[in-house]
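So the chains spell out like this:
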Amino acid sequence: QKEVEQNSGPLSVPEGAIASLNCTYSDRGSQSFFWYRQYSGKSPELIMFIYSNGDKEDGRFTAQLNKASQYVSLLIRDSQPSDSATYLCAVNRNYGGSQGNLIFGKGTKLSVKP
Amino acid sequence: DTGVSQDPRHKITKRGQNVTFRCDPISEHNRLYWYRQTLGQGPEFLTYFQNEAQLEKSRLLSDRFSAERPKGSFSTLEIQRTEQGDSAMYLCASSLRDRGYNEQFFGPGTRLTVL
């Protein structure tokens, strides 16, 4: 089982809809969880991170974490064509601790149709 | 505040040659990370530094790879005797202790092609 799993997509949603991106992780010791956006040919860009169970909202983005189910999701409200990109889920075992590296999933490709 | 910079942006080399990449982190960022990304995959961790100390190195990292951060500022990643399987995007990221090291900001990457 891969450490971080995402559906590779593509996920296609119409403009203005809610896009829902999902991620599961295998290590129960994981402490903090990240969503990055990566446009084709560009480097990953941090959208937001979450470390407590529940929801965290930032503008049109909401991250949801359920540690019992080992599940993280990202909701994008009012999706725009400019949101079309690959969304990478990443986990870090220690929040601010000694293990600094992120473990990434393969990413989900999102396409927002005008 | 400038972001993470990497040089060169593209490198084409022949198999067996050595290559060196440079990364300049965001000013005052204590930690610096190297990742590698191939097409259709997420970034894969290689190594990271806290100031000048190399704190962790991936077990997947071949002995042909070496990284340094001699003065705790910029870092270099060297690949010796390159192989075609080394072709990838090499990404550098940095983070700040005051933000709990949680936010890793990536540079534009160096795309390596080994012929």
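Higher on the page you've got the structure.
Procedures and definitions
Numbering of residues starts from 1 in every chain and runs along the sequence as written. Whichever chain is written first is A, and whichever ligand is written first is 1; the rest continue in order. Restriction of local features to residues with pLDDT of at least 70 applies here, the model being predicted, together with a cutoff of 80 or more for giving and counting side-chain atom pairs; totals for whole chains, interfaces and linings are based on all residues. Water and hydrogen atoms were dropped before computing side-chain values, which therefore reflect all heavy atoms in the structure. A run of H or I in DSSP counts as a helix once it spans at least four residues, and a run of E counts as a strand once it spans at least two, with each numbered from the N terminus. Counted as salt bridges are all cases of a side-chain nitrogen of Lys or Arg within 4 Å of a carboxyl oxygen of Asp or Glu. For each residue, the accessible area found with a 1.4 Å probe, counting protein chains only, is set against the maximum for its type, and the residue is called buried under 20%, exposed over 50%, and partly exposed in between. Classification of ring pairs uses Phe, Tyr and Trp, with its six-membered ring standing for Trp, and accepts pairs whose centres are within 6.5 Å; under 30 degrees between planes counts as stacked, over 60 as edge-to-face, and the remaining range as tilted. Geometrically, a lysine NZ or arginine CZ counts as sitting over a ring once it is within 6 Å of the ring centre and also within 35 degrees of the ring normal.

Chemist: Break down the environment of S82 of chain A for me, citing the residues and quoting the values.
Modeler: If you trace the backbone, S82 of chain A turns up in the loop between β8 (71-76) and β9 (85-92). Taking the C-alpha atoms as reference points, S82 of chain A and P14 of chain A, separated by 68 residues in sequence, lie 12 Å from one another.

Chemist: Please set out the pattern of salt bridges residue by residue, giving values where relevant.
Modeler: Tallying each qualifying case throughout the model produces seven salt bridges over all chains. Between R37 of chain A and E45 of chain A there is a salt bridge whose closest N-O contact spans 3.1 Å. A relative accessible area of 14% places R37 of chain A in the buried class. Residue classification places E45 of chain A among the partly exposed residues on the basis of a relative accessible area of 36%. The shortest N-O distance in the salt bridge between R77 of chain A and E57 of chain A comes to 3.4 Å. Of this pair, R77 of chain A sits in the loop between β8 and β9 while E57 of chain A sits in strand β6 (residues 54-58), and the two are 20 residues apart along the sequence. Taken together, the shared-partner salt bridges in this structure form one network comprising R64, E83 and D86 of chain B.

Chemist: Requested: an account of the packing of aromatic side chains, with residues and values cited.
Modeler: Scanning all chains against the criterion turns up 14 aromatic pairs over all chains. For the pair F21 of chain B and Y90 of chain B, a centre-to-centre distance of 5.4 Å together with 45 degrees between the ring planes defines the contact as tilted. Taken together, the residues F21 of chain B in strand β3 (residues 19-24) and Y90 of chain B in strand β9 (residues 88-95) connect sequence positions 69 residues apart. Note on accessibility: F21 of chain B and Y90 of chain B belong to one class, buried. Measuring from ring centre to ring centre gives 5.9 Å for Y35 of chain B and F45 of chain B, while their planes differ by 70 degrees; the resulting arrangement is edge-to-face. In this pair, Y35 of chain B is assigned in strand β4 (residues 31-37) and F45 of chain B in strand β5 (residues 44-50), connecting sequence segments ten residues apart. Of the two residues examined, Y35 of chain B and F45 of chain B, each falls in the buried class. Connected via pairs of aromatic rings, a cluster forms that spans Y36 and F104 of chain A together with Y33, Y35, F45, Y48 and F106 of chain B. If you follow K56 of chain A out to its NZ or CZ, it ends over the ring of F49 of chain A, 4.2 Å from the centre. Over the ring of F74 of chain B we find R22 of chain B, and its NZ or CZ is 3.9 Å from the ring centre.

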